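# Coordinate analysis (summary)
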Amino acid sequence: MSAAIKAVLAASALLIATATCALAASEADYKAAYAAAEAANKEAGSLRNQWTTTASTLSAAKKAAEAGDFDAAVAKAKEAEALAKASIFQATSEKERWKDMEVR
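Here the structure is a predicted model, which means the values were calculated and not measured. (Residues numbered from 1 in each chain as written. Predicted model: local features only at pLDDT ≥ 70, side-chain atom pairs only at ≥ 80, totals over all residues. Heavy atoms only, no water.)

Let us look at the pattern of salt bridges. Under the criterion given, the structure shown has 4 salt bridges. Note that lysine 85 is salt-bridged to glutamate 81, the shortest N-O span being 3.3 Å. A residue pair is termed a helical-turn pair when its members lie 3 or 4 positions apart in one helix, as lysine 85 and glutamate 81 do in helix H4 (residues 70-97) at 4 residues. For lysine 85, a relative accessible area of 49% gives the class partly exposed. One salt bridge in this structure joins aspartate 100 and arginine 97, with 3.1 Å as the shortest N-O distance. Here the two residues aspartate 100 and arginine 97 agree in accessibility, since each one is exposed. (Salt bridge = Lys/Arg side-chain N within 4 Å of Asp/Glu carboxyl O. Helix = DSSP H or I, 4+ residues; strand = E, 2+ residues; numbered from the N terminus. Buried < 20%, exposed > 50% of the residue type's maximum accessible area, 1.4 Å probe, protein only.)

Encoded structure:
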């Protein structure tokens, strides 16, 4: 196969992959993203380090879904999951690190 044909096939595959990502989100996509965000937020709660921004972003995701805007709802749910994971990271990393800052 010539290099030109390989390049066209690679470009076509890339175009198809990006076009697939551009499809509108469905209610199922939202429910999966929201469930993942809720699970991460629950884990953050078990570590006693839930951020208020996570709760407000989850609320925004729910409102967007209720309005039928599943693209925005999925985006907000993923943002909430990222916030929850950041709070989990903070809780676990600072569990012992605070001792390093203690004045001795």
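Next comes the rest of the account.
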